[in-house]
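Reading the structure
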Amino acid sequence: TGVQTCALPILEYNRFDWKGDPKVRNSFNVQYPLLPELGALPAVSIGVRDLFATGKERLSLFAVVGKSLPLSDRQVRLWKEVKINFGAGTGWFNGVFLGIQTRLRNGVILNAELCRYRPNIAFGLPLVRNLQAKAVSLSGELYFGLSYTLSR
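Residues numbered from 1 in each chain as written. Predicted model: local features only at pLDDT ≥ 70, side-chain atom pairs only at ≥ 80, totals over all residues. Heavy atoms only, no water.

**A short note on the overall build of the chain**
Filter applied, for reference: By the criteria applied, helices consist of DSSP H or I runs no shorter than four residues and strands consist of E runs no shorter than two, each listed in order from the N terminus. Both definitions apply: the radius of gyration is a C-alpha atom measure, and the globule rule equals 2.2 Å times residues to the power 0.38. Burial classes follow relative accessibility: with a 1.4 Å probe on protein chains only, a residue under 20% of its type's maximum area counts as buried, one over 50% as exposed, and anything between as partly exposed. The contact definition used throughout considers only heavy atoms, calling two residues in contact when any of these lie within 4.5 Å. Only the protein chains shown count as covering a residue, and every accessible area follows the Shrake-Rupley method with a 1.4 Å probe. Charged residues are defined here as Lys and Arg on the positive side and Asp and Glu on the negative side; His and the ends of the chain fall outside this count. Where a charge sits is defined by one atom per residue type, namely NZ (Lys), CZ (Arg), CG (Asp) or CD (Glu).
Helix and strand counts for the chain stand at one helix and ten strands. What you see in the chain, going N to C, is helices and strands ordered as β-β-β-β-α-β-β-β-β-β-β. For the chain, whose C-alpha radius of gyration is 15 Å, the value lies close to the compact-globule estimate of 15 Å for 152 residues. Summarising its shape, the C-alpha atoms of the chain cover approximately 50 × 35 × 30 Å along the three principal directions. In the chain, buried positions account for 39% of the 152 residues. The long-range fraction of contacts in the chain, counting pairs at least 24 apart against all pairs at least 6 apart in sequence, stands at 38%. Of the roughly 8700 Å² of accessible surface on the chain, 66% is carried by carbon and sulfur atoms. Between the mean site of the 19 positive side-chain charges and the mean site of the 10 negative ones, the chain shows a separation of 3 Å.

Written as C-alpha cells, this is what we have:
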C-alpha cells in the first residue's frame, strides 16, 4: 500500500484505471504523523485509506510505527534514507503489515510490504515540491495516482 511513517501530513489519490470508466475504483487516502522519530524512538503515524469509500479498501484505518536505518558513507551516495515500518489496520488491512521504504538521492521512493500474506509494492516519482506521481500494486492490482505532502 505504500504506507510508511510520515513527518508531515500526506494526502493521496489512487485510481485503478486510466480510462474514463465511471465504475472504476478511486481511493482518497489521508495520513497524519503523531510522533516524529526522535533518537532511538520510532515515528508514529495514523491514517485512513479510501476515506470516501469509493474504492476497494472502504474506510480502512491504520497505525504505523517506523524507524530509519543507519546508512554507511558508501550507502548514502545512493540512498537518502531507508526505513522499516510495522503497522496494523482495520478493514482492508485486516491485521498487521511489515514494510521497507527507500528514498534514493534523486527523490524516487520505492516501497515494499507484506500485508495479509501478499506482497505490495509502490514506486513514487517526484514531480514538483511535495508532489509525487505513484504506481502502487495492491494485492496484485495496479493503481496510479498522486501523493501530496503538506508542508509546514
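**A few points about the sheet that holds strand 4 (residues 60-68)**
Operational definition: Think of it this way: DSSP has to see at least two bridges between two strands before they count as a pair. Here, axes are lines fitted to C-alpha atoms. For helices the fit covers the stretch in contact, and angles between N-to-C directions go from 0 to 180 degrees.
The antiparallel closed barrel is built from ten strands, whose spatial order is 1-2-3-4-5-6-7-8-9-10. Between one strand axis and the next, the sheet turns through 25° on average, direction left out of account.

**Overview of the nonpolar core**
Which entries qualify depends on this criterion: Put simply, a nonpolar core is a bunch of buried Ala, Val, Leu, Ile, Met, Phe, Trp, Tyr and Cys residues held in one set by side-chain atoms that sit within 4.5 Å of each other.
Listed in full, the ten residues of the largest apolar core are Phe-62, Val-64, Trp-92, Phe-93, Phe-97, Cys-115, Ala-122, Val-136, Leu-138 and Tyr-143. Where this core is concerned, the elements lending two or more residues are strand 4 and strand 9 (131-138). Those residues within four positions of Cys-115 in sequence are excluded, and the remaining contacts are Trp-92, Phe-93, Val-96, Phe-97 and Asn-120.

**With respect to the pattern of salt bridges**
Test applied: Any Lys or Arg side-chain nitrogen located within 4 Å of an Asp or Glu carboxyl oxygen qualifies as a salt bridge.
Counted according to the given criterion, the structure contains four salt bridges. Among the ionic pairs, Glu-12 bridges to Arg-49, the shortest N-O distance being 3.4 Å. Linking Glu-12 in strand 1 (residues 10-15) with Arg-49 in strand 3 (residues 43-49), this pair joins segments that are 37 residues apart in sequence. Both residues of the pair, Glu-12 and Arg-49, belong to the buried class. Salt-bridge contacts for Glu-81 lead to Arg-103; the nearest nitrogen and oxygen are separated by 3.3 Å. In this pair, Glu-81 sits in strand 5 (residues 79-89) while Arg-103 sits in strand 6 (residues 95-104), placing the two residues 22 residues apart along the sequence. Within this structure, Glu-12, Arg-49 and Lys-134 form a network of salt bridges that share partners.

**What to know about the pairing of strand 2 (residues 26-35)**
With six bridges connecting them, strand 1 and strand 2 associate as antiparallel partners. Note that in strand 2 the partner of Ile-10 across the bridge is Gln-31. Here strand 2 pairs with strand 3 via five bridges, running antiparallel. Bridging from a neighbouring strand, Gln-31 pairs with Gly-47 of strand 3.

**Digging into the packing of aromatic side chains**
Using the following cut-off: Any Phe, Tyr or Trp ring, taking Trp's six-membered ring, that has another such ring centre within 6.5 Å forms a pair; planes under 30 degrees apart are called stacked, those over 60 apart edge-to-face, and the others tilted. Only lysine NZ and arginine CZ atoms are considered, and such an atom sits over a ring when it is within 6 Å of the ring centre and within 35 degrees of the ring normal.
Within this structure, the stated rule accounts for four aromatic pairs. Ring plane angle 55° and centroid distance 5.4 Å describe the contact between Phe-62 and Phe-93, whose orientation is recorded as tilted. One end of the pair, Phe-62, is in strand 4; the other, Phe-93, is in the loop between strand 5 and strand 6, and 31 residues separate them in sequence. No difference in accessibility class separates Phe-62 from Phe-93, as the two residues are buried. Positioned above the aromatic ring of Trp-92 is the side chain of Arg-116, whose terminal nitrogen or guanidinium carbon lies 4.6 Å from the ring centre.

**Description of the pairing of strand 10 (residues 141-149)**
Taken together, the six bridges between strand 1 and strand 10 define a ladder with antiparallel strand orientation. Paired with Tyr-13 across the bridge in strand 10 is Leu-146. Two strands pair when backbone bridges link them, and strand 9 and strand 10 are joined in this way by eight bridges, in the antiparallel orientation. The partner of Leu-131 across the bridge, within strand 10, is Tyr-148. Hairpin connection between strand 9 and strand 10: a loop of two residues separates the two successive antiparallel strands, and Ser-139 in this loop has a positive phi of roughly 50°.

Geometric values such as these leave the question of function open.
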